[in-house]
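This is what each chain is made of:
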Amino acid sequence: MPTSTARLRALADLVLPDRPMADIGTDHGRLPAGLVAQGRVPFAVGVDLREAPLVAARATARALGLQDDPRLSLRIGDGLSPLLPGEVATVVIAGMGGLRILDLLAAAPAVVARLERLVLQPNTDLPAVRAGLGPLGLGLVDEGLLIERGQAFTFLVAAPGPALAMDEAQLLLGPFLQARREAPFLDWLHAEELRLTRAIEAAGEAPRARLLARERDLVRRALHGLA
Ligand SMILES: C[S@@+](CC[C@H](N)C(=O)[O-])C[C@H]1O[C@@H](n2cnc3c(N)ncnc32)[C@H](O)[C@@H]1O
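All values reported here derive from a predicted model rather than from experimental measurement. (Residues numbered from 1 in each chain as written. Predicted model: local features only at pLDDT ≥ 70, side-chain atom pairs only at ≥ 80, totals over all residues. Heavy atoms only, no water.)

J.: Any chance you could explain the site of the ligand here in plain terms?
T.: The full set close to the ligand counts 16 residues, and Arg7, Gly25, Asp48, Asp78 and Arg100 are the nearest of them. Take Arg7: an N or O atom from its side chain is 2.6 Å from an oxygen atom of the ligand. Between the ligand and Arg50 there is a distance of 3.3 Å, counted from an oxygen atom to a side-chain nitrogen or oxygen. When the ligand sits alone it has 590 Å² of accessible area, and the protein chains cover 85% of it. Here the ligand occupies the second largest pocket. Where the shell around the ligand is concerned, the elements lending two or more residues are strand 4 (90–96) and helix 4 (98–106). Taken together, the residues of the shell around the ligand break down into 5 nonpolar, 5 polar and 6 charged. (Near = heavy atom within 4 Å. Polar contact = N/O pair within 3.5 Å; in protein donor to acceptor, adjacent residues only side chain to side chain. Areas by Shrake-Rupley, 256 points an atom, 1.4 Å probe, with all protein chains shown as cover. 1 Å grid on protein atoms, 1.4 Å probe; cavity = no way out; pocket = protein on both sides within 12 Å on 5 of 7 lines; lining within 4 Å. Sits in = over half its atoms within 2 Å of the grid points. Helix = DSSP H or I, 4+ residues; strand = E, 2+ residues; numbered from the N terminus. Nonpolar A, V, L, I, M, F, W, Y, C, P; charged D, E, K, R; others polar.)

Below you can see the structure in the form of structure tokens.
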């Protein structure tokens, strides 16, 4: 199975079916190659900044018999710069820091404006990414959360359009996740409460203890359905 981990499967499920897509920072190339191999998209681009990941992506393509297939294009380049405006409907950027993801989007306004969907899976800085979508002309339209081998992955789905207004708790926890209150989200809230309690203890009298306590308060309110 080319997209065999649950995280990659979740990403694949969020890609618009039957529409061209691009995976920025594709690394092993399993997402675009898997989507083409399964016939779920008519065309996929895998982009990576460095040659070594593209070597791995070409090996993935070869293993799936896609090495000379015009439906799969593997490109070296920075962020969305190897894409033409309107070339793809969905862009996926997964497994990178949130601030880097925002920088990549900000650097390619003409490409971003012509997308139909963005699927983002930042490893860090989720609140900053949620807050940063509006200024880029994007609205948050959906979210997902998956816990795989004890690690939580959050998926943000965005589209060109009006910004979604979010309060402090929604920026921190996710407006869609918070509204749905599904089991993985509640598990994640419990883990966050524990993590923040330990961090508050470790911070002692340091100023950041107050910020951490505020975060824990928002987490606890959400856990009790109050936020
Ligand atoms: C941790 S891997 C994530 C791979 C894959 N997206 C996933 O989620 O499994 C990050 C990849 O992004 C690539 N990358 C980092 N900065 C990039 C940029 N500015 N443009 C394109 N690719 C980049 C790295 O070379 C690396 O292969």
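Once you've had a look at it, read on.
J.: Before we go on, may I ask you to explain the domain arrangement of the chain in this structure?
T.: Frequently, the measure chosen for interface size is the accessible area removed from exposure when the parts meet. Domain boundaries in the chain define domain 1 (6–165) and domain 2 (184–223). With centres defined by C-alpha atoms, the gap from domain 1 to domain 2 works out at 31 Å. (Domains from an automatic or database assignment.)

J.: I'm lost on the environment of Gly134 in this one. Help?
T.: With respect to the helices and strands, the residue Gly134 is situated in the loop between helix 6 (126–133) and strand 6 (138–148). Once the C-alpha coordinates of Gly134 and Ala165 are considered, the two residues, 31 residues apart in sequence, prove to be 8.6 Å apart.

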